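Chain and residue survey
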Amino acid sequence: MRLLHTSDWHLGRSFHRVGMLGAQAEFIGHLVATVREHAVDAVVVSGDVYDRAVPPLAAVELFDDALHRLADLGVPTVMISGNHDSARRLGVGAGLIGRAGIHLRTDPSASGTPVMLSDRHGDVAFYGLPYLEPALVKDEFGVEKAGHEAVLAAAMDRVRADLAARPNGTRSVVLAHAFVTGGIASDSERDITVGGVAAVPAGVFDGADYVALGHLHGCQTLTERVRYSGSPLPYSFSEADHRKSMWLVDLAADGGVTAERIDCPVPRALARIRGPLEELLADPGLEPHREAWVEATLTDPVRPADPMARLTERFPHTLSLVFAPERAPGDPAVSYAHRLAGRDDQQIAEDFVAHVRGAGPDERERAVLRDAIDAVRADHAAHEVAR
């Protein structure tokens with residue numbers, strides 16, 4: 001069986017205020033053409049179909065167009081909700097849509113109930129594990145402590161139990177939306193840390209023939225059977241070196257996996273340039289970036305006059321301007337934002353305690369801070385679900 005694995009469409013998202021809806025529509029067209037050209041048997045979409053719980057109307061219309069075009073192909077599609085999606089909203093009409101061969105899996109309680117497809121070698125069970133927000137699903141899965149590994153492990157126990165009850169030789173594909181250990185993150189994914197831990201081990205998915213992951217925006221292979229497709233378009237300058245693609249996966253009769261990357265159309269190259277303004281304006285080596293979307297980091301010790309206007313004369317698609325004067329780490333002029341760069345909420349909170357009290361928090365206080373941060377994030381997730 002030949003699968004096309006994609007994820008993280010983020011319909012409705014912009015790139016530094018540049019609308020991406022046209023590029024997203026071009027991707028949908030490319031997806032449909034790829035299904036036809038490569039004789040794909042099933043499409044899997046591993047979450048974050050939309051960029052937010054209540055997407056703009058234009059994004060909903062594009063999704064509707066994608067559903068119709070996929071249904072017209074007569075090729076089954078299995079989709080799950082991601083942490084950016086409202087599972088309840090995305091799942092509206094799932095029963096009816098399923099009759100057209102588009103299978104939306106947004107209900108955590110149905111994790112162990114597969115979509116059954118078949119080829120000349122027999123059955124393939126597709127298990128859709130929507131994004132599992134630990135605080136919201138721990139009771140459903142009967143786990144005591146809310147954590148990503150615990151709820152995913154419980155969901156996979158249901159998958160393995162169902163698979164064990166099926167005829168020998170039944171192959172399996174699992175769709176999941178999670179941060180799996182070994183994956184490389186970018187700046188454009190929403191933080192899903194719980195209790196100081198975001199990642200789960202790939203071993204959680206043992207027993208599945210292929211695991212189609214979503215959430216991380218870079219295409220990557222964790223094992224031959226566990227892969228991220230990545231997002232089809234860039235959503236941050238941290239993705240400047242990404243090759244945007246989908247996985248074309250062949251699932252053999254014995255469950256063996258071979259995979260090939262299919263490149264996605266990218267509307268414009270990304271470039272990150274760094275240095276004093278005058279050097280950036282004069283350096284002939286930067287000429288290939290003239291038509292790229294540019295993030296410029298200026299290292300001038302004093303902020304130059306009209307930097308954006310001057311940069312756009314040479315690089316008309318400059319979208320982001322960062323000031324990072326080259327100063328010693330202890331220099332009092334180092335900006336607050338620069339001092340916080342790369343630090344998570346827990347570290348920032350602990351540093352604040354140390355600053356105002358003269359000593360950092362002890363282990364009990366760290367746990368209180370961690371619980372408070374997790375509670376706020378879980379409350380936000382619950383609010384998004386209820387919208």
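Residues numbered from 1 in each chain as written. Predicted model: local features only at pLDDT ≥ 70, side-chain atom pairs only at ≥ 80, totals over all residues. Heavy atoms only, no water.

The name given to the protein in an unreviewed UniProt entry is Nuclease SbcCD subunit D, with Streptomyces prasinus as the source organism. According to its UniProt record, the protein has this under Sequence similarities (unreviewed entry): "Belongs to the SbcD family." In the Function (unreviewed entry) part of its UniProt record, the protein is described as follows: "SbcCD cleaves DNA hairpin structures. These structures can inhibit DNA replication and are intermediates in certain DNA recombination reactions. The complex acts as a 3'->5' double strand exonuclease that can open hairpins. It also has a 5' single-strand endonuclease activity." (UniProt positions renumbered as here; feature names shortened; annotations may be inferred.)

Details of the sheet that holds strand β9 (residues 171–177)
Ordered in space as β7-β8-β9-β12-β14-β13, the 6 strands form an open sheet in which the pairing is mixed. Of all strands in the sheet, those with a lone pairing partner are β7 (115–119) and β13 (220–223), marking the two edges. Strand-to-strand twist in this sheet, taken as the mean axis angle between neighbours without regard to direction, amounts to 20°. Contacts from helix α6 (residues 148–164) reach β8 (122–129) and β9 within the one sheet, and its direction differs from that of β8 by about 160°. (Pairing = 2+ DSSP bridges. Helix = DSSP H or I, 4+ residues; strand = E, 2+ residues; numbered from the N terminus. Axes fitted to C-alpha atoms, helices over the stretch in contact; angles between N-to-C directions. Contact = heavy atoms within 4.5 Å.)

Considering the environment of Phe 63
Considering the arrangement of structural elements, one finds Phe 63 in helix α2 (residues 57–73). The sequence separation of Phe 63 and Val 78 amounts to 15 residues, and the corresponding C-alpha distance is 14 Å. Setting aside residues no more than four positions away along its own chain, Phe 63 makes contact with Trp 9, Leu 11, Val 49, Tyr 50, Met 79 and Leu 90.

Brief notes about helix α10 (residues 345–357)
The first and last C-alpha atoms of α10 sit 18 Å apart over 13 residues, in line with the 18 Å expected at 1.5 Å per residue. Along α10, the residues that are buried comprise Gln 346, Glu 350 and Val 353. Angularly, the buried residues of α10 cover 55° about the axis, an arc narrow enough to put them on a single face. Projecting away from the buried face of α10 at angles above 90 degrees are the exposed residues Asp 345, Phe 352, His 355 and Val 356. (Expected span 1.5 Å × (residues − 1). Buried < 20%, exposed > 50% of the residue type's maximum accessible area, 1.4 Å probe, protein only. Arc of directions from axis to C-beta.)

Here we look at the pairing of strand β18 (residues 293–298)
Most of β18 sits out of view: 6 of its 6 residues are buried. Going residue by residue along β18, you find Trp 293, Glu 295 and Thr 297 tucked away on one face and Val 294, Ala 296 and Leu 298 tucked away on the opposite face as well. Judged from the 6 bridges that link them, strand β17 (residues 270–275) and β18 form a sheet pairing that is parallel. Within the sheet, the bridge partner assigned to Arg 274 lies in β18 and is Thr 297. Read as a crossover between parallel neighbours, the route from β17 over helix α7 (residues 277–282) to β18 is right-handed. As for the winding sense of the linkage, the β-α-β connection from β18 through helix α8 (residues 307–314) to strand β19 (residues 318–323) is right-handed. (Right-handed = clockwise from strand over helix to strand, strands pointing away.)

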